[in-house]
Amino acid sequence: MGRRRGDTEGDRRSLTHKVASPEDSEKDDRRPATKLVQGGRRPEWTSDPRLGGGIVNPPVWRASTILYDNIADLKARGHATHDQLYYGRRGTPTVWALADALTDMEPGAEGTLLYPSGVAANSAGLLALLSPGDHLLMVDSAYEPTRAFCNGMLARMGVRTTYYDPLVGAGIADLIEPETKLIFLESPGSLTFEVQDIPAITAIARARGILTMLDNTWATPLLFQALPHGIDVAMMSLTKYAGGHSDVMMGSLTATRAVWPRLRQAAYQLGQAVSPDDSAMVLRGLRTLDVRMARHGENGLAVARWLATRPEVGRVLHPALPGDPGHAIWSRDFQGTSGLFGFTLKAVDEAARTRFIDTLTHFGIGFSWGGYESLVVPSDPAKIRSAVAWADPDPLVRLSIGLEDPADLIADLERGLAAL
Ligand SMILES: *Cc1c(COP(=O)(O)O)cnc(C)c1O
């Protein structure tokens with residue numbers, strides 16, 4: 001599924017509907033917003049020369065069975081590895097279009113595989129790259145279900161996991177063992193938003209022949225391009241900003257040429273497939289990701305700056321704020337901010353946090369994030385961490401800032417703080 005453009009043969013050059021495609025020039029110099037608009041719209045997926053014209057969006061091709069002209073055709077296509085109709089599990093042009101668009105967003109990527117959720121993508125990547133006896137370095141601020149997979153299935157398989165301080169930077173070298181095969185990163189971290197020194201870690205990993213995998217859900221490739229920073233496998237929960245409308249679940253892994261065949265083989269063996277309908281929904285989300293992300297970031301910063309002025313607030317955990325411990329590295333490496341961050345309520349108990357959250361009317365109480373609507377959840381990292389204790393006793397709140405007018409959100413938060 002979804003190798004980068006130019007890797008498949010075909011007669012698309014003879015088709016009329018033309019979308020700029022990088023194989024036409026040596027280097028793809030289109031900017032990210034342009035790629036989001038054009039991604040996956042290959043002529044052979046959006047037009048049929050017999051019908052004339054071309055459709056803007058790749059149509060939803062639903063399929064389990066693919067019919068062949070004859071046995072020779074069936075045998076020939078059995079050897080194709082991607083981007084050819086073979087059997088529904090291998091995808092249809094709708095699915096390939098999404099994978100292709102995501103591959104475009106990571107310069108240097110060989111391809112993208114899609115999974116039924118972000119968790120499925122993370123688990124599949126870890127399974128593909130680790131074997132019994134291997135050692136994994138996992139960031140302590142990883143998304144909790146990622147830890148659950150390491151402590152559960154990976155441990156059962158005989159893979160050892162060491163959790164490391166998200167701020168370890170080049171100190172990662174001291175944690176590497178002879179069996180270390182993979183370093184997993186997530187930046188900013190789940191719940192606590194520590195920014196990792198990704199270039200320092202990938203430089204050491206490359207020098208030692210260790211692979212790196214990054215959960216890039218917070219930033220998406222719009223705000224942080226993983227592969228150019230030395231990452232081998234970039235993971236995203238497309239459920240969040242890419243889907244963007246709180247109505248579809250999916251995950252992706254985008255990888256270098258060296259790693260991609262291993263992910264593909266594992267995906268084949270695990271049988272993970274995504275539906276063309278869901279793929280079309282995520283593709284629709286991608287088209288507006290650039291404008292939504294800009295607004296999520298801007299609204300989030302407006303709310304974060306306001307919270308930072310409030311006496312009821314202890315700390316605002318937002319790397320785009322100059323006072324944040326991760327601000328310097330974030331400024332160096334990221335192209336902008338998304339709308340997800342946290343803050344603590346100063347010297348109050350859990351009941352006060354509950355009163356605060358229950359008072360809000362513009363924020364839904366719910367998991368996930370990255371949708372157009374604002375969400376709030378209480379979070380308790382102290383219960384999860386194992387490498388470095390989360391020492392802040394003040395109760396933590398996580399906000400996903402949506403596309404509402406931030407003045408309304410701020411007024412709502414002000415009512416919430418008054419209820420403390
Ligand atoms: C939500 C999330 C995931 C998992 O994605 P799902 O699509 O919900 O399975 C993985 N990583 C991070 C950082 C997340 O926030």
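Basis of the calculations
Residues numbered from 1 in each chain as written. Predicted model: local features only at pLDDT ≥ 70, side-chain atom pairs only at ≥ 80, totals over all residues. Heavy atoms only, no water. Pairing = 2+ DSSP bridges. Helix = DSSP H or I, 4+ residues; strand = E, 2+ residues; numbered from the N terminus. Near = heavy atom within 4 Å. Polar contact = N/O pair within 3.5 Å; in protein donor to acceptor, adjacent residues only side chain to side chain. Areas by Shrake-Rupley, 256 points an atom, 1.4 Å probe, with all protein chains shown as cover. Nonpolar A, V, L, I, M, F, W, Y, C, P; charged D, E, K, R; others polar. Axes fitted to C-alpha atoms, helices over the stretch in contact; angles between N-to-C directions. Parallel < 35°, antiparallel > 145°, perpendicular 65-115°, else oblique. Left-handed = near helix turned anticlockwise from the far one by under 90°. Contact = heavy atoms within 4.5 Å. Domains from an automatic or database assignment. Buried area = accessible area lost by both parts, 1.4 Å probe. Buried < 20%, exposed > 50% of the residue type's maximum accessible area, 1.4 Å probe, protein only. Expected span 1.5 Å × (residues − 1). Phe/Tyr/Trp six-rings, centres within 6.5 Å; stacked < 30°, edge-to-face > 60°. Lys NZ or Arg CZ within 6 Å of the ring centre and 35° of its normal.

## Topic: the pairing of strand 3 (residues 160-164)
- Pairing of strand 2 (residues 135-139) with strand 3 involves five bridges; the strand directions are parallel. Bridge pairing in strand 3 links Val139 to Tyr164.

## Focus: the site of the ligand
- Close contacts around the ligand come from 15 residues, with Gly118, Val119, Asp215, Thr239 and Lys240 the closest.
- Within the backbone of Gly118, a nitrogen or oxygen atom sits 2.8 Å from an oxygen atom of the ligand.
- At 2.6 Å, a side-chain N or O of Asp215 approaches a nitrogen atom of the ligand.
- Here the ligand loses 93% of its free accessible area of 380 Å² to cover by the protein chains.
- Elements that contribute at least two residues to the shell around the ligand include exactly helix 5 (118-129) and strand 6 (233-237).
- Here the shell around the ligand is composed, by residue class, of six nonpolar, six polar and three charged.

## Observations concerning the packing of helix 5 against helix 6 (residues 144-156)
- Taken N-terminus to C-terminus, the directions of helix 5 and helix 6 make an angle of 40 degrees; their axes are 10 Å apart at the nearest point. With respect to their mutual orientation, helix 5 and helix 6 come out oblique. Helix 6 is crossed by helix 5, and the crossing has right-handed handedness. Side by side, helix 5 and helix 6 meet where Val119, Asn122, Ser123, Leu126 and Leu127 of the first sit next to Pro145, Thr146, Phe149, Cys150 and Leu154 of the second.

## Things to note about the sheet that holds strand 6
- Strands sit in the order 1-7-6-5-4-2-3 across an open sheet of seven strands; the sheet is mixed. Because the sheet does not close on itself, it has two edges, and the strands there are strand 1 (111-115) and strand 3. Each strand axis lies, on average, 20 degrees off the axis of its neighbour in the sheet, ignoring direction.
- Here helix 5 sits on the sheet in contact with strand 1, strand 2, strand 4 (180-186), strand 5 (211-215), strand 6 and strand 7 (251-255), set at roughly 175 degrees to strand 5.
- Along the sheet face, helix 9 (residues 260-270) touches strand 1, strand 5, strand 6 and strand 7 and points at about 25 degrees away from the line of strand 1.

## Regarding the domain arrangement of the chain
- Taken domain by domain, the chain holds domain 1 (2-117 + 239-287) and domain 2 (290-418).
- The interface is formed by 12 residues belonging to domain 1 together with 13 residues belonging to domain 2.
- Between domain 1 and domain 2 lies a buried interface of about 990 Å² when both sides are counted; carbon and sulfur atoms form 55% of it.
- Sorting the residues of domain 1 by area buried against domain 2 places Lys240, Tyr241 and His245 first, and these three jointly supply 63% of that buried surface.
- Our count for the contact surface shared by domain 1 and domain 2 stands at six residue pairs in polar contact (both at pLDDT 80 or more).
- When residues of the side of domain 1 that touches domain 2 are traced back to their parent elements, those giving at least two are helix 1 (32-38) and helix 10 (276-287).
- Grouping the constituent residues of the side of domain 1 that touches domain 2 by class yields five nonpolar, six polar and one charged.

## Let's talk about the sheet that holds strand 12 (residues 396-400)
- If you trace the five strands from one edge of the open sheet to the other, you get 8-9-12-11-10, paired in mixed fashion. Two strands close off the open sheet at either side, each with one partner strand: strand 8 (313-317) and strand 10 (364-365).
- Both strand 11 (residues 375-379) and strand 12 contribute to a ladder of five bridges, which runs antiparallel. For Pro378, the partnering residue across the bridge sits in strand 12 and is Val397.
- Relative to strand 9 (residues 340-345), helix 11 (residues 289-308) is tilted by about 15 degrees, and along the sheet it contacts strand 8, strand 9 and strand 12.
- Along the sheet, helix 13 (residues 350-359) makes contact with strand 9, strand 10, strand 11 and strand 12, crossing strand 11 at roughly 170 degrees.

## Remarks on unusual backbone geometry
- Cis geometry is found at the peptide bond from Ser187 to Pro188, where omega equals -10 degrees.
- As for its position among the elements, Pro188 is in the loop between strand 4 and helix 7 (198-208).
- Positive phi values are uncommon outside glycine, yet Phe193 reaches one of about 65 degrees.
- For Phe193, the position within the fold is in the loop between strand 4 and helix 7.
- Judged by relative accessible area, which is 2%, Phe193 ranks as buried.

## Here's the deal with helix 11
- Here helix 11 contains 20 residues, and its C-alpha end-to-end distance of 27 Å stays within 8% of the 28 Å for a straight helix at 1.5 Å per residue.
- Those residues of helix 11 that fall on the buried side of the exposure criterion are Leu289, Arg292, Met293, His296, Gly297, Asn299, Gly300, Leu301, Val303, Ala304, Trp306 and Leu307.

## A short note on the side chain of Arg147
- Summarising the element assignment, Arg147 is placed in helix 6.
- Taking relative accessible area as the criterion, Arg147 reaches 4% and is therefore assigned buried.
- Those residues in contact with Arg147 that sit more than four places away from it in its chain are Asp140, Ala142, Tyr163, Ile384, Arg385 and Ser386.

## Observations regarding the packing of aromatic side chains
- Within this structure, the stated rule accounts for five aromatic pairs.
- Look at Phe224 and Phe334: their rings are 5.0 Å apart centre to centre, the planes differ by 35 degrees, and that puts the pair in the tilted class. In this pair, Phe224 sits in the loop between helix 8 (220-223) and strand 6 while Phe334 sits in the loop between helix 12 (327-333) and strand 9, placing the two residues 110 residues apart along the sequence.
- Residue classification places Phe224 among the buried residues on the basis of a relative accessible area of 1%.
- Look at Tyr241 and Trp369: their rings are 5.5 Å apart centre to centre, the planes differ by 70 degrees, and that puts the pair in the edge-to-face class. Of this pair, Tyr241 sits in the loop between strand 6 and strand 7 while Trp369 sits in the loop between strand 10 and strand 11, placing them 128 residues apart in sequence.
- Judged by relative accessible area, which is 9%, Trp369 ranks as buried.
- Its guanidinium or amino end placed over the ring of Tyr163, Arg147 lies 3.9 Å from that ring's centre, counting from NZ or CZ.

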